[in-house]
Structure formats: C-alpha cells, structure tokens
Amino acid sequence: MKLSVCVILNLDPSADTWDLSSPLISLWINRFYIYLGFAVSISLWICVQIVIKMQEKSVPKAAQDLMTNGYVSLREKDIFVSGVKIFYDSQTGTAKGFATVLAEAVTSLDLPVAIINLKEYDPDDHLIEEVTSKNVCVFLVVTYTDGLPTESAEWFCKWLEEASIDFRFGKTYLKGMRDAVFGLGNSAYASHFHKVGKNVDKWLWMLGAHRVMSRGEGDCDVVKSKHGSIEANFRAWKTKFISQLQALQKGERKKSCGGHCKKGKCESHQHGSEEREEGSQEQDELHHRDTKEEEPFESSSEEEFGGEDRQSLNSIVDVEDLGKIMDHVKKEKREKEQQEEKSGLFRNMGRNEDGERRAMITPALREALTKQGYQLIGSHSGVKLCRFFFFFIQYSMLRGRGACYKHTFYGIESHHCMETTPSLACANKCVFCWRHHNNPVGTEWRWKMDQPEMILKEAIENHQNMIKQFKGVPGVKAERFEEGMMVKHCALSLVGEPIMYPEINRFLKNLEPVTQLYVSVDASTKDSLKKIDRPLFKDFWQRFLDSLKALAVKQQQTVYRPTLVKAWNMDELQAYVQLVSLGNPDFIGVKGVTYCGESSASSLTMAHVPWHEEVVQFVRELVDLIPDYEIACEHEHSNCLLIAHRKFKIGGEWWTWIDYNCFQELIQEYEDSGGSKTFSAKDYMARTPHWALFGANERSFDPKDTRHQRKNKSKAISGC
C-alpha cells in the first residue's frame, strides 16, 4: 500500500513537488522570449538617451541651465575676448589718432583696452603672452620713406621679420594669438604702397597668429582712396572690426573655406574667396592682398594651408622640429603660469618713461641667474666661479677629478682665473647651451649699455667676494685661497657672446694683453652648424668663415674649439680639414659635448654625448688628414684632447704652455718700441709637463697633488 502511494506522488502533476518546479521549467522553455524582451528594452533605452542628447544640443544654453527646482543657475559666463590691445607707430600723429578712436569704439563694448606705442614695446619679451591672453591685438602701422617703417616701429618690424624666418620659433610660435592689421600709406608711391602693413600681417601669419579679419588699407591719396580719404578708409574698416569683435565676444567665429568642400562653393568660400585665392599664392608672393572689400574672418597659416604647404615656406626642416609640438605645449603652460603671477593684464612695457633703453637683465632673469650662482654686474654683465676653482683650492676633496683642461693644455691655473662676460646676450641658441636658452638673443645691441671700466672693476670685486665665502671651509688650502684673490687670467667665455658688447675693444684694453684667441667650431658644414648653433644671422656661415680667416693673421696663440655632438657632426672629417686650412690655428681643442640636463628648447640628450674613446678615435682620424698637426695633450675628465701644430714640438717635446712672465716682457718691449717690435706665439711658449701629454699614465692629473680615487667608480663619459 505504501508502495502505491509513493508511486502516485511521483506521477501526480498536482502534487506539491511538481508545483514548485513547474515555473522554473516554464522559464527555461520560454527563455528565448525573455532574452528578446531584455534586448528590446535596452535598445529602446539607448534610443531614448540619444534623442535626449540631440535635443540638449539643439536647445539654447539658457534653456539648458533650467534646474529641476524651477530656476536658472547663474553660471560663470564664458570669456571669449578678455580685452583689446592697440599697437601703433606714428610719424605725424595720424595712427595715434586712429588708435584713440578705435579705443573709444572698443570701450563701448565693455571691453578693457590698452593703447601701446610700438616704440615702448619689446616683442621679444611680451608678444608670446598674447598666445594665451584671449586678447585681440590690433596693429596700426605706417609705411614711411622708401617702404620702411617709422622709427618707432623699426625694432618691432625687425624682430618680427627675423622671428618669422627663424626655425627656432617655428610656425606655431604665436598659435592662439588673434590679430588685425590696418596699414597707413600713400598709393602715389606704388612700388612700396602698404609694404609695412603687408609685411607685419605676413610675419604674424607665418608665426601662426590668427587674423580676426582681413587687413585694412588706408590711402592718403584722396584721388585713389577707396572711400575718399584715409579717415574714411579707417572708419569703414573700424565698423567691420567692431562687428567682428562683437561676434568674437559671443564665441562666434567666421572662418575661411579650406577649399575641401564640394566645388568650393560653401558660404565661407563665397565670402572669403579673394582671401583664399591670395592664400594659394602665399608661397610665391607671401600674402599679397587685393584691395577689394572682404567679409571679416579669422584665419591662420595653419588653417589656410596644410602642414606640408606650410613647411614649404621654409625648406629646411631641423631635428628639433620633431618635438616642437610637445615643446610648445609645455611652453604655453609655463608662460600661462608666469602670466597669472603678473599684477595686471595691461601695463606699460619697454623703455623707461624718460625714453632710455631698458636693461638687458630683467627682474625675472636676474632672479633665475642668481639662483644659478651668477653674480650680475650692471645691466648686462656677469661673473661666476668655475667649478674647477673649487677643485683647485680644495684638492683634498677632489675625488680624483684634477684641474681644468686649460691647466693641462696651456698651464692656466684655475684659482687665478676669472670667468666673466660683458654681454649675457647671444646671436645663437646652441643645443648644448648650459643656460638652457633663457638668455636674451638678437643680432644687434638694443639694451642700455654700461661702461667697460665699471664692468671690469665690479667683475673683479664680485669674483673676490665669492672667493671670500670659502675662508675657513674644511679642506680649503690656505695658500691657494690667498693666491685665488689675485686674478691673473680672464676668460671671456662665461655665457653669451662677448663681442656683442659695443665697447668690447675698450673693455679689452682695460685688461692685460690677450694671450690666446678662441673660436668655437661647433660644426664643419653649413647645415650642421645651423642645426647645432641655431644662429639668428642669415649670413651666419659667411660670418663664421670670415672669423676663421681673420684668425690666421693673428700673432697670439689661436685655438679652434670643436664640440662633438654624436650623430650630428662627427661624420664630417673632410669638412673639418677644409676649415683647418682656412685659419691654420696653433691648437685644436676637441671636446665631447656636455649634457647639462633636459630643456624644452633643445632636443639634446645623453645619447648625443660621445664616449671618451669615441672622441679619441675622432681625433686620431682627423690628425691623419692634417699632416702638420699631432695629438699633444689629453684631459680625460673633460672628455677633451688637444691637437697642436708641429711648430710647438721642439726636440721631441711639446711646448703648449704659456710663459706668462715672458709674455709680459714681450708686451712691454712692444709698447716701448711703439709697436715696431712684434712677437708671435712661439716667443712665449713653455714646455708641457709629461703628465699632461696624451697617453701619459697620470691621465692629465698633476702628480704633486693628492689624488683620491672614488669607490665603485663607474665609467665617466663627460665633464658635466
């Protein structure tokens, strides 16, 4: 009986056990429809979200600010234009008057405005600020006699022209800056009508600045003037500018057609066809514009041409250009931080109120150089203790590093040597510059100038004051400390370019006579020199060759100083031979480049620093090609070797050192004879000690000094 009951329970569908399991079985059987329902639901939800997003984009910004509690949030208003800067140059006051009129119109838009005379503005320091300032910069420029700018705009135009063709600035240097140019001229002088205005517009464009509207042209010739007078020309241009400015305030922007739309018939192309047509001729005529009226639009060289076309404006592409994009981003960030620290947006910049030239050393530069250990002199000079000075007075703490290579090669004692410069500015931006390119650059002197007597006096005083700080320091040798207070040598090779100083000849006359003349030979071909030194002068190569030729006629010791940069200038042996034949130097001091840290202004890395063995190999191969020279000395720590002319090898011994006492006697005889009794470098040479010679066991370390070997010594590759 129990057995039959058990069977009935297992087979009866209405039993409790079957009732519990039947929904699960039903779900499993109908799982396909369940999955389909979920998929349809998710698809519907996605479609709803897409519709909502599309509606939000089409709704005005004010409507998007509606909150669930029924009121509009008071968001901070986006600022598209923070102000207007009006730059002018004027000979008769017309441009200045236009600047005042334009400023009044801009003020009516509740925008801050500044009127700046180009004579009082230094683009080298301040123009880059406009990249991130959200200002609109207006340039009212005059074409004066023979198509030249007025005196007040001369420096601005010269700087802008050089920057536009200087590959170190690049075609994105002013990317983000917005500008508008109005030129003043006279069509009676057709050959150079509006030349300055066209050039300023062109140079800004080449540096990546955005035009907020097409260039305006004012014509003093009432007969040919489009609107009857130059004043009417300006009023018409001003009206369009104010209209464009209002659009920019609202975040609107009219752009030129890029020419990629179907048949080029888009609205922007119809409005700006003349602009684009002229833009296509930029490579030949570089931005020549028609005088017909055009609708205002904002454009830049990047937008009007692709990257390939823009590169064709400058046929030379350098290695450092590869990292220029990232460098520019870092530069913008750094300059934005500096700008935020400034007390105000608009301030008087450039010369002093009394019209004097400004000092080369700005407060920010002074602070930076002081932190680096420089003692600054006046407004453009400096002095600093060489690192080998510390080694020379403190030999017990040398860790086996020895003295300066100048001591090994020429007998110059580091603790008697003062390293200074009368000019912190330079006309190059070498990739291996240890100042990381924060020094002023230019092709001519444009700063306030100090007198040479004052510079030398304060240089010696500052040099001695720095030495006094080591009195009583453990390890400092008392006798060398006292000797160091007497300056016997002056190396004008600190930083910058000393010969830029206009009174360099007077400065040298205040020093003792010159014992040695150096010329930096950083590369042996035009292309490699441009990549490494990155010079400002257009005729840099000819200047370089002329300097080498001038060295050949000098009677003092003459030295070539090549700096080897791996993968850049170490494969040009034959070209170096040709340079040696031009100057016939007494010595050639070949040195491997020193890496002094990362810099956004240079692509130099440790990979470019040659091993000392590589420098030795280069020197051996070079000497094989110049039969009148041999390897004389070596300074391993500085990664440097000295090649000397065979005339300094007498009786099998090298005489590369300088006999300073003999030199002074020869100078005195020269002066007493009225210049008739001359002498040459061989007349004041001294024998080179054996420890300084190439291949010596001492490896350039003077054996009379205590040498301390470093534990776990790793392979050194440079003297940094």
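These figures come from a predicted structure and were not determined experimentally.

Chemist: So what exactly am I meant to see when it comes to the overall build of the protein chain here?
Modeler: If you tally the helices and strands in the protein chain, you get 26 helices and 19 strands. In the protein chain, which comprises 720 residues, the share counted as buried stands at 47%. Counting every atom, the protein chain has about 37700 Å² of accessible surface; 53% of that belongs to carbon and sulfur.

Chemist: Just checking my understanding: could you explain the state of the cysteines for this structure?
Modeler: Covalent bonding between the sulfur atoms of two cysteines is what defines a disulfide. Scanning all chains against the criterion turns up zero disulfides. In this structure Cys490 is not part of a disulfide, and its nearest cysteine sulfur, from Cys417, lies 7.3 Å away. On the basis of relative accessibility, which here comes to 27%, the residue Cys490 falls in the partly exposed class.

Chemist: I would appreciate a short explanation of the pairing of strand E15 (residues 640-645) in the present structure.
Modeler: Sheet faces and side chains relate simply in a regular strand, where the side chains alternate between the two faces. Most of E15 sits out of view: five of its six residues are buried. Here strand E13 (residues 587-592) runs beside E15; their pairing, made up of five bridges, is antiparallel. Looking at E15, one finds that Val590 is bridged to Leu641. In this structure, strand E14 (residues 629-635) lies alongside E15, joined through six bridges in antiparallel fashion. In the sheet register, Ile631 faces E15, and the bridge partner there is Ile643. The hairpin turn running from E14 into E15, its antiparallel successor, is four residues long, and Asn639 in that turn takes a positive phi close to 55°.

Chemist: Explain the packing of helix H7 (residues 154-165) against helix H8 (residues 195-206) to me, please; I cannot follow it from the model alone.
Modeler: For any two helices packed against each other, one specifies the crossing angle of their axes together with the interaxial distance. Running from amino to carboxyl end, H7 crosses H8 at an angle of 40°, the nearest separation of the two axes being 9 Å. With respect to their mutual orientation, H7 and H8 come out oblique. Viewed along their axes, H7 and H8 form a crossing whose handedness is left-handed. Between H7, through Phe156, Cys157, Leu160, Glu161 and Ser164, and H8, the contact on the second element is made entirely by Val196, Val200, Trp203, Leu204 and Met206. Looking at side-chain class alone, the contact of H7 with H8 contains eight nonpolar, one polar and one charged residues.

Chemist: Help me understand the nonpolar core, please; the structure alone is not making it clear to me.
Modeler: One broad rule of soluble globular proteins: the nonpolar side chains tend to lie buried together. The biggest cluster of nonpolar side chains holds 41 residues, and the ones touching the most others in it are Phe618 and Val619. Taken domain by domain, the makeup of this core includes at least three residues from each of domain 2 (361-512) and domain 3 (513-708). When sequence neighbours within four positions are dropped, the list of residues in contact with Val619 reads Val590, Ile631, Leu641 and Ile643.

Chemist: Before we go on, may I ask you to explain unusual backbone geometry in this structure?
Modeler: Trans peptide bonds make up the majority, and among non-glycine residues the majority have a negative phi. A positive phi is found at His194, a non-glycine position, where the angle reads about 60°. Note on placement: His194 falls in the loop between strand E4 (178-185) and H8. A positive phi is found at Asn639, a non-glycine position, where the angle reads about 55°. Note on placement: Asn639 falls in the loop between E14 and E15.

Chemist: How do you make sense of the side chain of His635 when you look at a structure like this?
Modeler: Inspection of the secondary structure assignment puts His635 in strand E14. Look at His635 and you get buried, because its relative accessible area is 1%.

Chemist: Hey, could you run me through empty space enclosed by the protein in this one?
Modeler: Over the atoms, a rolled probe matching the size of one water molecule traces out where space is still vacant. Evaluation of the coordinates by the stated rule reveals four cavities of 30 Å³ or more. By volume, the second largest cavity is sized at about 60 Å³. In terms of lining, the second largest cavity is formed by Asp124, Trp159, Glu162, Ala163, Phe169, Val441, Gly442 and Leu536. With three residues, H7 is the largest single contributor of residues to the lining of the second largest cavity. When its residues are assigned to classes, the lining of the second largest cavity shows five nonpolar, one polar and two charged.

Chemist: Whenever I open this one, the environment of Thr132 confuses me. Can you help?
Modeler: Structurally, Thr132 is set in the loop between helix H6 (123-126) and strand E3 (135-142). Thr132 sits in the partly exposed class, given a relative accessible area of 29%. Along the chain, Thr132 and Lys175 lie 43 residues apart, while their C-alpha atoms are 9.1 Å from each other.

Chemist: Just checking my understanding: could you explain a nonpolar patch on the surface for this structure?
Modeler: Judged by side-chain polarity, Leu24, Leu27, Ile34, Tyr35 and Phe38 come together as a nonpolar surface patch covering roughly 560 Å² of accessible area. The set of elements that each furnish at least two residues to the nonpolar patch consists of helix H2 (16-29) and helix H3 (31-58). Top element by residues in the nonpolar patch is H3. It accounts for three residues. Topologically, Ile34 is positioned in helix H3. Relative accessible area serves as the criterion here: at 33%, Ile34 is assigned to the partly exposed category.

Chemist: Please clarify how the pattern of salt bridges should be interpreted in this entry.
Modeler: Between side chains of opposite charge, pairing is possible as soon as their charged atoms come close. Enumeration according to the criterion identifies 17 salt bridges in this entry. With its nearest N and O atoms 3.4 Å apart, the salt bridge here joins Asp201 to Arg211. Pair noted here: Asp201 is in helix H8 and Arg211 is in strand E5 (residues 210-211), with a separation of ten residues, a long-range link. Each of Asp201, Arg211, Arg215 and Glu217 takes part in a single network of salt bridges with overlapping partners.

Chemist: Sorry if this is basic, but what is going on with the sheet that holds strand E8 (residues 381-384) here?
Modeler: Pairing within the open sheet is mixed, and its four strands lie in the order E7-E8-E9-E10. The open sheet has two free edges, formed respectively by strand E7 (375-377) and strand E10 (489-491), since each of these has just one partner strand. Looking at each pair of strands side by side, their axes are set apart by 30° on average, direction ignored. Direction of pairing for strand E9 (residues 417-421) relative to E10: parallel, over a ladder of three bridges. Following the sheet pairing, Cys417 is matched in E10 by His489.

Chemist: Any chance you could explain helix H19 (residues 452-468) here in plain terms?
Modeler: Every α-helix carries 3.6 residues per turn, so stepping three or four residues along brings you back to the same face. Taking 1.5 Å as the rise per residue, H19 with 17 residues should run 24 Å; its terminal C-alpha atoms sit 25 Å apart, in good agreement. Taken as a whole, H19 has its buried residues at Pro452, Ile455, Leu456, Ala459, Asn462, His463, Met466 and Ile467. Buried residues of H19, viewed axially, fall in a sector of 140°; they line one side.

Chemist: Before we go on, may I ask you to explain the pairing of E8 in this structure?
Modeler: In terms of strand pairing, E7 meets E8 through three bridges, oriented antiparallel. By the bridge assignment for E8, Ile377 is matched with Ser381. What sits between E7 and E8 in their antiparallel hairpin is a turn of three residues, with Gly378 showing a positive phi close to 60°. Here E8 runs beside E9; their pairing, made up of three bridges, is antiparallel. Counterpart to Val383 in the pairing with E9 is Thr420.

Scoring rules and cut-offs
- Residues numbered from 1 in each chain as written.
- Predicted model: local features only at pLDDT ≥ 70, side-chain atom pairs only at ≥ 80, totals over all residues.
- Heavy atoms only, no water.
- Helix = DSSP H or I, 4+ residues; strand = E, 2+ residues; numbered from the N terminus.
- Buried < 20%, exposed > 50% of the residue type's maximum accessible area, 1.4 Å probe, protein only.
- Areas by Shrake-Rupley, 256 points an atom, 1.4 Å probe, with all protein chains shown as cover.
- Disulfide = S-S within 2.5 Å.
- Pairing = 2+ DSSP bridges.
- Axes fitted to C-alpha atoms, helices over the stretch in contact; angles between N-to-C directions.
- Parallel < 35°, antiparallel > 145°, perpendicular 65-115°, else oblique.
- Left-handed = near helix turned anticlockwise from the far one by under 90°.
- Contact = heavy atoms within 4.5 Å.
- Nonpolar A, V, L, I, M, F, W, Y, C, P; charged D, E, K, R; others polar.
- Core = buried A, V, L, I, M, F, W, Y, C linked by side-chain atoms within 4.5 Å.
- Domains from an automatic or database assignment.
- 1 Å grid on protein atoms, 1.4 Å probe; cavity = no way out; pocket = protein on both sides within 12 Å on 5 of 7 lines; lining within 4 Å.
- Points joined across faces, edges and corners; volume = space filled by probe spheres on them.
- Patch = residues over 30% accessible without salt bridge, like charges linked within 9 Å, V, L, I, M, F, W, Y side chains within 5 Å.
- Salt bridge = Lys/Arg side-chain N within 4 Å of Asp/Glu carboxyl O.
- Expected span 1.5 Å × (residues − 1).
- Arc of directions from axis to C-beta.

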